[in-house]
Structures are given as C-alpha cells and as structure tokens.
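# Understanding the architecture of this molecule
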Amino acid sequence: MTIKIALIGNPNVGKSLIFNNLTGGRAHVGNWPGKTVERKEGKCIYRGEVVEIIDLPGTYSLTAHSIDELIARDYIVEEKPDVVIDIVDASNLERNLYLTLQLLELEANVVIALNKYDVAESLGYRIDVDTLSKMLGVQVVPTVATTKEGMKELMEAAIEAAKEKKRKVILNYGKAAEELISEIKKAILKDKKLSSKYPARWLAIKVLEEDEEVLKKVEKSPYRNEILDSSMRSRAREILGEDPEVFFAESRYDFISKILPKVLIGEKPLTLSDLLDMVFLNKYVGIPIFLAFWWALFRFTFDVSAPLSDMIDTLFSHLGKTLSSMTTNEQLASFVADGIFGGLGGVLVFLPPIFFLFFGLSLLEDSGYLARAAFVMDRIMYKLGLHGKSFIPMLLGFGCNIPGVMATRIIDSEKDRILTILINPLMSCSARLPVYILIGGAVLGSYAATGTYVMYMLGIVLAIIMALLFRRTIPYFKGKPSPLILELPMYSKPVLKSTLIHMWERGSLFLKKAGTVIFTGIIIVWFLSSHPWGVPLEKTYLAVFGRDLEPIFRPLGFDWRGAVALFFGFIAKEIVVGSFAVIFGLGEKSEIEEIQKTIRSEGVFTPLTGLAFMAFTLIYIPCIATVGAIYKETNSWKWTLFSVIYGLILAYLTSWIIIGIGHMLGYR
Amino acid sequence: MSTSWWRTRKDRKIPLAMLSENEEATIVEIRGGRGFVRRLSELGFTPGTRVKILVSHSPGPTLVEIKGSRIALGKGLVMKIIVKLEACR
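Residues numbered from 1 in each chain as written. Chains lettered and ligands numbered in written order. Predicted model: local features only at pLDDT ≥ 70, side-chain atom pairs only at ≥ 80, totals over all residues.

### Describing the overall build of chain B
Scanning chain B from terminus to terminus reveals two helices and six strands. Counting helices and strands in the order they occur from the N terminus, chain B gives β-β-α-β-β-β-α-β. Residues counted as buried form 43% of the 89 residues belonging to chain B. When contacts within chain B are restricted to residue pairs at least 6 apart in sequence, those whose partners lie at least 24 apart make up 55%. (Helix = DSSP H or I, 4+ residues; strand = E, 2+ residues; numbered from the N terminus. Buried ≥ 20, exposed ≤ 12 C-beta atoms within 10 Å, placed from the backbone. Contact = placed C-beta atoms within 7 Å.)

Given below as structure tokens:
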C-alpha cells in the first residue's frame, strides 16, 4: 500500500528543502489540473513502504481567498492524504501554528516538523516539544532541514501516524460560538453525501465564516435551507461580529497565545537579521546597495560564463566539422555541420550565462535578500503603477523571459500580475545579447559596448513607459496597484544543493525551449537557405521569402537579410545570429568576426540601421516559447495576442524613431 | 519621545502610520474592505495584538513586526491599521 504524505507550511519555512531531503531531490514537476500553480511530487521507498510525497503550495492560511490556499485545502479534503506534515518555523511559532490549527480543524492527520530548530535555539528560544505535542495531540519532530537533521525521525513519525490515526485536539471557540457550530453541524449531518465527503464541524465553521467555496457546496445540498438558516445567521452576526472570519482568526490566535507560554521559553533578542535590515532596508542606502548587488550579479554572470561559452562554441563547431568530414554526401555534411551541430552549439552557448544568472538570483532569494529588494524598490515600483513584487520577475527576465513570466505568480492581484507579464519581455534576456554583440561589433566600432548598454537601458525605460501607459489607457488596468503585503523571512545561509536545485528548476525551462523550438527553428533556416540544393544564395527559398518581406522593413533600412533574420527571430532570438551566418553562407558556427566582416563589406547595416536593428530585436516578442508561457500564465488568448502585437508595433515604432532622429542628425 | 498632543492623552486611537521607527502600540481595529481585513487578520493583525514599526519608508512601504515575524506593508496600508498608545508615564 502506498502511503500518501502531503507537505504544507507557511512560505519561507524550508518546505522545499525538506521535500528535497525526503525525496532525494527527484521530483516530478507539473501543474495542478487547470491551474498555473506548480505541483511537485516525489516517490521513494522507506523501509519497504512506498511513500508518495506531494508538495502543497506555501500558505499562511486555508481560506478560499487565493488559488494557492484553495489548492492546498482541496487536496487535503478531497484527496485525503494519509498524513499531512505541517512544517513549522520553530523560530516563529506564533504565526506558524495558525496554519496548524486550521489543519486540525480540517481533521487532517497532522505531524509537525519543527523546522529551523537550530535557528530557534541560537536565538535563545527553548521549546518544550513534548508539551506542544500533548497540547495539540499530534507528533512533533524537531528538524534542521539544512543539515538534514531529524529527517529520519520525521519519516518514522509520519509512517507511524499513517498507520495509527490518533484523535487530535479540537479548538473550542467559546460557548456561544460552539452552540452555533453544533446547530449547523447537526443540519449538515442530515446530508449524508456532504458529511461523508467533508468534516462536518469544519463545514459548519466555514459556513459561519461565510467561506465562498463552502457556501457554493452547501447551496447544492437538499438541506441547504436548514444549514443556511437565516435567523441563525443574524444571530451569528450578533455573537461573532461584523466579519465572522475575523472572529475565528482572533480566536485561533488567542488559543495560540495561551499555549505559547507553556511551550516556549525565551524572549526574541536583537538578531543578525535585525542588524542586516538596518543596513539593507535603510531609506537612503537601501537602493544603492541593491544596485551594487545587481551590478555584481551581472558581472559575475558574464565574466564567469564567457570562457565556458567559448568552450562550448569551439567544441560544437569542431564536432560538426569532424563528423561532416566523415561523409562524402555534401547535403548530409552540410546538414550535420551547419544544421544539427551548428544549431545545437548556437543554442547551448547560452546555457552558462543563463545558469549563472539563475544561480546568483537563487542565492539572493534563498538568503532572504530578494524579498528585501522588493521592499526597497516598492516605492518606485508603486509610482510606476506596479508593485514591489513585480520586481523579482523583472530581474529573472534578464536571464530568460520564460521563468520571468512564470515568477509573476507571487503577485496576488490578477491585474497587477498581467501587467507585469506584459512588460516582462522588454527585459533584455540573455538571448538578445549576442545580437547586440554581433551587430554592434560590426558597425558601431568603438561604441559597441555602449550600444549594448543602451539596449538594456532602452528595455527598462520602455517597460516603465508601457507600464504607465497601460495603467492609464487600458480600462482593465485602471486604478492603483494593490499595495504590498509581504513577509520578509529571516536571513539564512543558503544551502548549496537547494540553491542548485532552484537554479535548475528555472534554467531547465530554457533548456527545454532550446531542445525543441530553437533547434527546430535553426533546422528550418538551414533547410530554406540551402534549397533548392546547389543554387546561389540569392535564389534560395530563404532569399525569395526575404524579398517578399523586404518592403515592410524598407522604411527602417533593413534589406531582405535583416528581414529574414528578424522573421526567424520570432521563433527565438538565438536564431538571429545563426541566420546571418547561414545567409552569408559561412556555416552556422563560423567565427563571429567573420560574420561581422561580411556585414561590413556587404553593407548590410550602417551604424544607424544597425542600432535600429538592435532596438527592434530587443523589443519585439523574445521567442515563441515566451508567447507560450504568457498564454499559460494569463490563460487568455486575448492578452497573449495583445503582448505579441504591441511588441511588434512598439519595435517598429522605436526603430523608426531611431532612424528618423538619425537622419535629422545627418547620419545615414 | 516627542510630546505631540495625542501622545499626552490616554487611549488615543491613531493610525499606525503615525508611529515612528521602533515605536510599539496595540491594534484596536483594522479599517478597510472585507478582503483586506481578513487577509491581515490571518497574518495576525487582530485587535489586542502588539505591533512595532521596524522600518518606515514613508510615504513608501513600512516594515512592521507582529507576532514574531516581519511583514512589509505597502503604501497606505499602515493608515488603515488603528492602534492605541499607552499612557505616558
């Protein structure tokens, strides 16, 4: 028999670390059916028992107000896992036990993992584990996820709990409220179908709390009039006050504050976190410190990854040449060298910068700093019609827009979230960088580096303008962004393995895209540029197609070669550079200097049109995979289409303005 | 401590936003829409709870300490949390 264990806990309690520890880091990652919330599952064998562990979304509470909470709650009531491991931050018992009480109310078979036990001890807290266990009627296991302490004990306790379900504690809400609860419960018990599926007492409390989802379920019951008796409801208002949910929240916190003195000894001292916050959150130096971190992160990313990218580049072109020389069939040789290896190499050179950037960001996030960055940037972001939390997806966008778009999930308000998604593609992802390097290096001469820098800034400026514009003009976004409510975790020393897993989860999204969309795109470009086989480049399908596109781009000064590169860049920006190589018949992976020389000698771009081309590349939609991510996250074709179209228009307009200004200044 | 008029009066109810960094007070009520009041009550912002201002970027976000954790509250939210100061000694 399989034992099903669900993991739940507040955000930042070390839940994913415990999940990785228990499952050995091997997880099946998917989505909850019909939702954009990630679902992680892992299977393992413990002492001959098959154990299935599911990671529920991090949540403070189990109301129906957010998707995350609803998913966690529905899973527990409907799938009825054998055990629910509630991960509790030992250094912050008061807040964390709130969720525990709600789990007990749900009649879940709870085992508590008292995580960060070492942190609690180092803060001078002493927790009476046995008393806590007795008072809640559940097993409590102290754990330190970072050092894997207590993992075995936790597993033992969970398996024991799965086999022998003990009676748990029931929180008493006081005589008057309890009378109401038992009245409603009696009515609910008449509906056998309803009460066999859900715990009756829990339903009764939720009816009193006026929980929308539960009310919907009760509406369908034949006994709905008895359960939702109106006279009883007005009585409830009298006893429980204006908002009954607040009454229950207060009572739960009351209960916690009563048991806390019996299990917890010690006052919270001034911690290192407090000291760090004095600096990092300082009103004046907070933002400069953040900018310094950001700059360091980018330097680290590009400096460390450059030699690795070069290695991959050399390796693949070498492999391609070696393998293609083994056949005498010209077409096959070209396919192997330019198509497959050229294509793969062209994509894989992006792996190092993307992974290093995500490693750095994961490090900042796992240490607790990223939440602080959201705090210090909140004021500026709010003025731009965004949100402190919008900031994290923007940072990720510099690596790759796909995880950037996905990271908008942390934003609660749908409006703010979609707005953040729409401007994310303007963050210059690492795939655009090679285009800047290629074109800038070819035509901007000593200003090449400045050109690249200008592109990054242009992306940020346009994102700000678009955010303001959309907020003002699109009726859906009207109004102020919903204000920030965000818990700042304690700073903690990141664990290498967990940071690596974190990095991998984001980076692998890019890898997936590379293996499918980009690879296919490059093969298509190779095919079109080499067929009909044997004709000169000007007669290939690609050139014919490019000439058809040329009129559209003529006002911007791009010829058919630029048009073709941009067209295929729609599949992925990684293809733009490759396209030029193929067009010039230099082979996909020829040295970048060679391509640049050809661009100059054939006069494909002037410095001005080169700059316009770079801007165009920056602004229009980054790649087909990002479009897919936008669709998945907004769940709307309307917004997806909107993001593609506005990107194209904005790209065209910006390039056109660049050309116009250039002409005015006398450049050609 | 400053001697603003409201500080000299006992049980004066004021918005949390009026407190300076490192000052503490007791929550009396949360004003605002239902969703907002519920959201905050789940995080422990309930009447009778002690709350302390840790960092204030007024008029930007404020960081408060409540029930042992730090919660960042965006612009305007601290105006909706009504607190009561202790009488001066």
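### Some thoughts on the overall build of chain A
When its secondary structure is counted, chain A shows 31 helices and 10 strands. With respect to the three principal axes, the spread of C-alpha positions in chain A is 90 × 55 × 55 Å. Scored against the burial criterion, the 668 residues of chain A give a buried share of 49%.

### Details of the interface of chain A and chain B
Taken together, the contact between chain A and chain B spans 28 residues of the former and 27 residues of the latter. Of all elements in the fold, only helix H3 (93-105), helix H13 (244-263), helix H18 (369-383) and strand E10 (485-488) of chain A reach the threshold of two or more residues within the side of chain A that touches chain B. With five residues, H13(A) is the single largest residue contributor to the side of chain A that touches chain B. Grouping the constituent residues of the side of chain A that touches chain B by class yields 12 nonpolar, five polar and 11 charged. Alignment of E10(A) against strand E5 (residues 69-73) of chain B, held across four bridges, turns out to be antiparallel. Residue pairing in the sheet places Glu487(A) in a bridge with Ile71(B) of E5(B). (Nonpolar A, V, L, I, M, F, W, Y, C, P; charged D, E, K, R; others polar. Pairing = 2+ DSSP bridges.)

### Concerning the confidence of the model for chain B
Residue and element names in this part refer to chain B. Within chain B, residue pLDDT values average 83, and 84% of them lie at 70 or more. When pLDDT is averaged over each helix and strand of chain B, the minimum, 85, is found for helix H1 (residues 34-42) and the maximum, 94, for strand E4 (residues 62-66). Here the predicted complex scores 0.80 on pTM and 0.86 on ipTM. (pLDDT = per-residue confidence, 0-100.)

### Observations regarding the nonpolar core
For soluble globular proteins, nonpolar side chains are generally found buried alongside one another. Counting 216 residues, the largest nonpolar core has Leu7(A), Ile85(A) and Val111(A) as its most contacted members. Per-element accounting of this core gives the leading share, 10 residues, to H18(A). (Core = buried A, V, L, I, M, F, W, Y, C linked by C-beta atoms within 7 Å.)

### So, the domain arrangement of chain A
Residue and element names in this part refer to chain A. Split into domains, chain A comes out as domain 1 (2-163), domain 2 (175-265) and domain 3 (290-478 + 496-664). On a C-alpha basis, the centres of domain 1 and domain 3 stand 40 Å from each other. At the interface, six residues of domain 1 touch seven residues of domain 3. Its residues assigned to classes, the side of domain 1 that touches domain 3 shows one nonpolar, five polar and no charged. (Domains from an automatic or database assignment.)

### Brief notes about the environment of Gly44(B)
Examined against the element boundaries, Gly44(B) turns out to sit in the loop between H1 and strand E3 (50-56). Distance in space between the C-alpha atoms of Gly44(B) and Lys67(B) is 6.7 Å, their sequence separation being 23 residues.

### With respect to the pairing of E3(B)
Residues and elements named next belong to chain B. Judged from the three bridges that link them, strand E2 (residues 24-30) and E3 form a sheet pairing that is antiparallel. Paired with glutamate 24 across the bridge in E3 is lysine 52. Two strands pair when backbone bridges link them, and E3 and E4 are joined in this way by five bridges, in the antiparallel orientation. Bridge pairing in E4 links lysine 52 to glutamate 65.

### Description of the packing of helix H29 (residues 607-619) of chain A against helix H31 (residues 637-664) of chain A
Residue and element names in this part refer to chain A. Running from N to C, H29 and H31 point in directions that differ by 160°, and their axes come no closer than 8 Å. Taken together, the axes of H29 and H31 lie roughly antiparallel to each other. For the element pair H29 and H31, the recorded crossing hand is right-handed. Side by side, H29 and H31 meet where Leu608, Leu611, Ala612, Ala615, Phe616 and Ile619 of the first sit next to Gly647, Leu650, Ala651, Thr654, Ser655, Ile658, Ile659 and Gly662 of the second. Among the residues making up the contact of H29 with H31, the classes are represented as 10 nonpolar, four polar and no charged. (Axes fitted to C-alpha atoms, helices over the stretch in contact; angles between N-to-C directions. Parallel < 35°, antiparallel > 145°, perpendicular 65-115°, else oblique. Left-handed = near helix turned anticlockwise from the far one by under 90°.)

### Let's talk about the packing of helix H15 (residues 286-324) of chain A against helix H17 (residues 351-366) of chain A
Geometry of a packed helix pair, given as the angle between the helix axes and the separation of the axes. Residue and element names in this part refer to chain A. Where H15 contacts H17, the axes come no closer than 8 Å and their chain directions differ by 145°. In this structure, H15 meets H17 at a crossing whose hand is right-handed. For the pair formed by H15 and H17, the contact residues are Phe293, Leu297, Phe300, Thr301, Phe302, Val304, Ser305, Leu308 and Ser309 on the first element and Pro352, Pro353, Phe356, Leu357, Gly360 and Leu364 on the second. Of the residues in the contact of H15 with H17, the class split is 11 nonpolar, four polar and no charged.

### Things to note about helix H9 (residues 200-209) of chain A
Residues and elements named next belong to chain A. With respect to burial, H9 is a largely interior element, nine of its 10 residues being buried. The complete set of buried residues in H9 reads Ala200, Trp202, Leu203, Ala204, Ile205, Lys206, Val207, Leu208 and Glu209. Phi turns positive, to about 60°, at glutamate 210, one or two residues after H9.

### Describing the sheet that holds E5(B)
With respect to topology, seven strands assemble into an open sheet ordered E10(A)-E5(B)-E4(B)-E3(B)-E2(B)-E6(B)-E1(B), the strand pairing being antiparallel. Each edge of the sheet is formed by a strand with only one pairing partner; in this case those strands are E10 of chain A together with strand E1 (13-15) of chain B. Strand-to-strand twist in this sheet, taken as the mean axis angle between neighbours without regard to direction, amounts to 40°. Each of E10 of chain A together with E4 and E5 of chain B touches H18(A); the most contacted strand, E10(A), lies at about 140° to it.

### Thoughts on the pairing of strand E3 (residues 38-46) of chain A
Residues and elements named next belong to chain A. Alignment of E3 against strand E4 (residues 49-55), held across seven bridges, turns out to be antiparallel. Bridging across to E4, lysine 40 finds its partner in aspartate 55. Between E3 and the antiparallel strand that follows it, E4, lie two residues; arginine 47 among them carries a positive phi value of about 45°.

### Quick notes on unusual backbone geometry
The linkage connecting Ser58(B) with the following residue, Pro59(B), adopts the cis geometry, with an omega of 5°. Examined against the element boundaries, Pro59(B) turns out to sit in the loop between E3 and E4. The backbone of Asn635(A) sits at a positive phi, close to 55°, despite the residue not being glycine. Looking at the element boundaries, Asn635(A) is found in the loop between helix H30 (624-634) and H31. What makes Asn635(A) exposed here is the crowd of 12 C-beta atoms within 10 Å.

### Here's the deal with the environment of Asp229(A)
All names here are of chain A. With respect to the helices and strands, the residue aspartate 229 is situated in the loop between helix H11 (224-227) and helix H12 (230-240). Given 15 C-beta atoms within a 10 Å radius, aspartate 229 is considered partly exposed. Here the alpha-carbon distance between aspartate 229 and isoleucine 184, two residues 45 residues apart in the chain, equals 8.6 Å.

### Brief notes about the environment of Tyr223(A)
Residues and elements named next belong to chain A. With respect to the element layout, tyrosine 223 can be found in the loop between helix H10 (212-219) and H11. We classify tyrosine 223 as partly exposed; it has 15 C-beta atoms within 10 Å. Distance from tyrosine 223 to valine 77, taken between C-alpha atoms, is 21 Å for residues 146 residues apart in sequence.

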